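Understanding the architecture of this molecule
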Amino acid sequence: MPGTDERYRNCLVNLRPRGQDHVLRWWDGLASGERERLLDDLESIPWDVLDKLIPTHVLSQPNTALVGELLPAPIYPRIPGPDQQTLYEEAVRVGRERIAGGKVAALTVAGGQGTRLGFAGPKGAVPVTPVGGKTLFQLFAETVLAAGRRYGVSIPWYVMTSPANHYETVDFLVRHHFFGLPRRDVIVFQQGMLPAFDFAGRLLLEDKHRLALAPDGHGGVLKALLRSGALADMQARGVEVISYFQVDNPLVKPFDPLFIGLHALTQSEMSTKVARKADDLERVGNLCLRDGRLTVIEYSEFPEIHARVQNADGRRRFDAGNLAMHLLDVGFVQRITSRSFELPCRRAEKVVPFINDDGSLVSPSTPNAIKLETFIFDALPSATNPLALEVDRTEEFSPVKNLTGVDSLESAKHDQIRRACRWLEAAGVKVPRDPNGEPDVTVEISPLFALDAEELATKKDQIPALKSAATVYLQ
Ligand code: UTP
């Protein structure tokens with residue numbers, strides 16, 4: 001292990017020719033532990049990647065104008081057409097078989113900073129359920145546990161964190177005994193970080209001995225799976241398909257036999273769930289066919305003219321919103337990470353507090369920095385036979401991004417109650433509703449009680465009658 005002086009000299013060799021040695025200007029006043037921290041940060045900078053990106057993504061705006069042919073994506077419908085009924089039935093059978101055979105693992109990406117929610121701690125530790133106040137991590141762990149029990153198999157759950165929240169996440173899971181999952185089946189691994197730059201392309205310091213670093217985006221999961229050994233762990237367990245979802249969605253159904261079966265039967269390397277858009281300009285990615293390849297185009301890059309165009313029947317022409325739920329073959333991840341594959345990089349202008357030239361901490365109120373990220377859905381165009389399945393958004397998607405309003409903790413609680421009430425009604429239970437048709441009860445169904453409406457229907461005799469304004473917890 002080289003000593004501090006040697007590490008310092010090596011860092012300087014990288015920094016000086018790039019005009020970045022200002023980050024060492026406080027060196028003389030740093031304590032020895034602080035010097036080590038700064039060197040750790042500096043040694044983590046992937047200059048081979050950044051040398052290419054700084055001119056194109058930091059010092060200038062990458063060209064995101066859409067060129068080429070853009071068509072609506074072919075989508076497997078939520079309800080199969082008459083000619084698809086046999087395929088869907090077969091897919092459900094195959095999907096169940098794949099899960100029961102231990103071929104499917106769950107993967108939660110939880111490395112984000114959750115700045116919009118502003119919760120002090122990892123987003124997965126936010127209490128989110130309407131009655132029991134369960135956290136997102138508990139919900140997912142119980143979903144994995146319940147699916148394992150249903151199919152008679154141990155299902156591994158992989159959780160990606162980032163250095164920004166890794167220790168807090170591990171501590172949280174350990175304190176809660178992995179919510180009943182065997183320790184060996186919960187694999188927590190970290191994604192990489194990238195430095196933030198000012199608009200002149202200079203590295204920013206968040207402290208005199210710390211670079212301003214941010215997680216490298218959910219696309220960082222691909223390299224992180226490889227680097228951390230999680231991918232090898234999957235291979236050793238015989239896992240073939242990764243069910244990927246975000247930490248913020250309490251309605252997620254990671255073990256959907258139809259989706260998993262269609263993915264298998266069509267030999268798709270990467271599949272994705274979509275829902276009809278809530279409105280033309282909804283802030284979700286648009287799944288399209290770009291130059292013949294299945295591609296998600298971010299709302300910010302999707303021209304309004306395309307977003308508003310309608311078919312002759314009055315339906316939106318581009319109407320497939322990305323829900324951030326994907327299936328990825330382990331072999332696909334192995335294939336693309338083992339060659340010099342890079343997901344396209346995205347530039348985001350953000351507010352990043354920094355140490356100025358006088359050594360004072362500045363907290364800007366408007367964006368002052370550029371962060372670089374990659375997105376997992378940008379792997380879709382590289383997949384063979386990629387597939388998209390339409391699902392009912394109200395059944396599967398309610399992301400917690402904000403505290404209140406759209407896509408919030410508040411709306412996610414309501415959406416959980418609404419879904420629980422639909423399942424109860426489907427089981428023949430009478431649900432009191434207010435004059436607007438909204439449930440007049442607060443209900444929570446634990447994944448350990450029922451994973452879906454069908455399972456709930458088998459437990460009808462355990463469900464009490466629902467009185468107006470009642471609170472019911474089925475656990
Ligand atoms: P978001 O885009 O919502 O970002 O992430 P965020 O960091 O959670 O929240 P904001 O934008 O700061 O408010 C979508 C999903 O991708 C994960 C998040 O944890 C979330 O599950 N993610 C995001 C990562 O795992 N790593 C990243 O670098 C970014």
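Relevant structure appears above.
Right, let's walk through the structure included here. (Residues numbered from 1 in each chain as written. Predicted model: local features only at pLDDT ≥ 70, side-chain atom pairs only at ≥ 80, totals over all residues. Heavy atoms only, no water.)

Quick look at the overall build of the chain now. Counting its regular elements, the chain contains 14 helices and 21 strands. Relative to the globule expectation of 23 Å for 475 residues, the C-alpha radius of gyration of the chain, 24 Å, shows essentially globular dimensions. Overall size of the chain, expressed as C-alpha extent along the three principal axes, is 75 × 50 × 50 Å. Relative to its 475 residues, the chain shows a buried fraction of 52%. (Helix = DSSP H or I, 4+ residues; strand = E, 2+ residues; numbered from the N terminus. Rg over C-alpha atoms; globule rule 2.2 N^0.38 Å. Buried < 20%, exposed > 50% of the residue type's maximum accessible area, 1.4 Å probe, protein only.)

In this section: the side chain of His209. Note that His209 resides in the loop between β7 (205–207) and β8 (210–211). For His209, a relative accessible area of 15% translates into the label buried. Not counting the four nearest positions on each side in its chain, His209 is found in contact with Leu30, Glu34, Arg37, Leu38 and Asp41. (Contact = heavy atoms within 4.5 Å.)

Of all the six residues making up strand β10 (residues 241–246), six are buried; the element is thus mostly covered by neighbouring parts of the structure. Two elements, strand β2 (residues 104–109) and β10, share six bridges in a ladder whose sense is parallel. By the bridge assignment for β10, Ala105 is matched with Ile242. (Pairing = 2+ DSSP bridges.)

What follows concerns helix α4 (residues 85–100). Between its first and last C-alpha, α4 extends 23 Å over 16 residues, near the 22 Å set by a 1.5 Å rise per residue. Every buried residue of α4 is listed here: Tyr88, Ala91, Val94, Gly95 and Ile99. Taken down its axis, α4 places every buried residue within 135 degrees of arc, on the same side. Residues of α4 that are exposed and angled more than 90 degrees away from the buried face: Thr86 and Glu89. Where the residues of α4 are buried, they touch β2, α5 (136–151), α9 (257–265) and β19 (387–390). Trailing α4 by a residue or two, Gly102 shows a phi angle of about 75 degrees, which is positive. (Expected span 1.5 Å × (residues − 1). Arc of directions from axis to C-beta.)

For the rest of this paragraph, the subject is the packing of helix α7 (residues 221–228) against helix α8 (residues 230–237). Look at α7 against α8: their axes get within 4 Å of each other, and the N-to-C directions meet at 70 degrees. By the angle between their axes, α7 is roughly perpendicular relative to α8. Touching Leu225, Leu226 and Ser228 of α7 are Ala230, Leu231 and Met234, all from α8. Of the residues belonging to the contact of α7 with α8, the class tally is five nonpolar, one polar and no charged. (Axes fitted to C-alpha atoms, helices over the stretch in contact; angles between N-to-C directions. Parallel < 35°, antiparallel > 145°, perpendicular 65-115°, else oblique. Nonpolar A, V, L, I, M, F, W, Y, C, P; charged D, E, K, R; others polar.)

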